[in-house]
Amino acid sequence: HLKAATATGANATHKTTLIPDHKDGGIHILYGVEYHRLFHMAADDEGKPGKAVEITKVLEEFKPEIDWKVAAPGPGTGTQLASGRLVVPVWLSQGTVGIGFQPAVTATIYSDDGGRSWQRGEIVAFDLEISTAKTGTKLEKPLEAAVAQAADGTVLLNIRNKALKGLRAQASSKDGASGWSEATFVKGLLEPMCEGSLVTTEAGIVFANPANMIMRKSLTARLSSDNGATYPASKVI
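What you see is a predicted model, and the numbers here were worked out from it, not measured in a lab.

J.: Is there a simple way to explain the overall build of the protein chain in this structure?
T.: Helix and strand counts for the protein chain come out as two helices and 19 strands. At 17 Å, the protein chain has a C-alpha radius of gyration in line with the 18 Å of a compact globule built from 237 residues. In terms of overall dimensions, the protein chain has C-alpha extents of about 45 × 40 × 35 Å along its principal axes. Out of the 237 residues belonging to the protein chain, those deemed buried represent 52%. Intrachain contacts of the protein chain at a sequence separation of at least 6 include 41% that bridge at least 24 residues. When the accessible area of the protein chain is evaluated, it comes to approximately 11400 Å², of which 55% is carbon and sulfur surface. Across the protein chain, the centroid of the 25 positively charged side chains sits 6 Å from that of the 25 negatively charged ones.

Next up, the structure:
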């Protein structure tokens, strides 16, 4: 797709990530271009979009820890914390393994001024092959992540990875940017190395993904009523 886009002179956009703004109304939209640029735009309550602003600079702040060649937000949704802070998962890859998406790190970026400016958070997880990262937990091929804030205020980052355990990894933070706990595998959250989603509801935290250790099938939603510690209730969609 990237080759085709380059040949036609078009820009390939990808990994759209949305955040509903519960304080100011409207929706924040982040998206990548050609896997090395990042943009933010806001849409009002009627869906009318504003101007897209390039925010690739915030990804450049990760360069001291990973000399990335490929990067992207989300995808799916970010979250707005009770404080008003906007938090978006990102992943950044050195682009030397496979189709270029590994070895990589998983982290967050955040905004405290309604999307006008963005800062990088700490690295939450990094690939076993990366030796320059100073923060985060070593995982086998971490990549896309989903974020949500639990009822007790804890910010959860649920991470795609390729560990032999075949389980999702999850870390927590008080502010969605720093002080992340060690990423640990979550019992019952089967992982075929695929994107998953995390969302806060009145009933608790809902996680959804293909619930299989090998194949992308059996799309399942699971509910946690203990702030993301366990996900005992499930329904195959």
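The rest of the description comes next.
J.: Just to check I follow, could you spell out the side chain of K141 for this structure?
T.: Examined against the element boundaries, K141 turns out to sit in the loop between β11 (137–139) and β12 (145–149). It is E129 that comes nearest to the buried, bridge-free K141 among opposite-charge side chains, at 4.5 Å. Other than its neighbours up to four places away in sequence, K141 contacts Q102, D127, E129, R160, N161, K162 and M193.

J.: I keep staring at unusual backbone geometry and nothing clicks. Help me out?
T.: Note: most residues except glycine have negative phi, and most peptide bonds are trans. Here the residue pair G74 and P75 is connected by a cis peptide bond, since its omega of 5 degrees sits within 30 degrees of zero. Residue position: P75 is located in the loop between β5 (70–73) and β6 (76–77). That bond from Q102 to P103 is cis: its omega, -10 degrees, falls within 30 degrees of zero. Not every positive phi belongs to a glycine, and K15 is a case in point at roughly 55 degrees.

J.: Teacher, can you tell me more about the pattern of salt bridges here?
T.: Working definition: two side chains of opposite charge can pair if their charged atoms are close together. For the structure shown, the criterion picks out nine salt bridges. Note that R85 and D175 form a salt bridge whose closest N and O atoms lie 3.9 Å from each other. Separated by 90 residues along the polypeptide, R85 in the loop between β7 (79–80) and β8 (86–97) and D175 in the loop between β14 (167–173) and β15 (184–190) bring together distant segments of the chain. The class for R85 is buried, based on a relative accessible area of 14%. Where R160 meets E144, a salt bridge forms, and the shortest distance between an N and an O atom there is 3.0 Å. Residue R160 is located in the loop between β13 (155–159) and β14, and its partner E144 is located in the loop between β11 and β12; the two are separated by 16 residues in the primary sequence.

Conventions we followed
- Residues numbered from 1 in each chain as written.
- Predicted model: local features only at pLDDT ≥ 70, side-chain atom pairs only at ≥ 80, totals over all residues.
- Heavy atoms only, no water.
- Helix = DSSP H or I, 4+ residues; strand = E, 2+ residues; numbered from the N terminus.
- Rg over C-alpha atoms; globule rule 2.2 N^0.38 Å.
- Buried < 20%, exposed > 50% of the residue type's maximum accessible area, 1.4 Å probe, protein only.
- Contact = heavy atoms within 4.5 Å.
- Areas by Shrake-Rupley, 256 points an atom, 1.4 Å probe, with all protein chains shown as cover.
- Lys, Arg positive; Asp, Glu negative; His and termini not counted.
- Charge placed at Lys NZ, Arg CZ, Asp CG, Glu CD.
- Salt bridge = Lys/Arg side-chain N within 4 Å of Asp/Glu carboxyl O.

Limitation: the analysis is restricted to geometry and does not speak to function.
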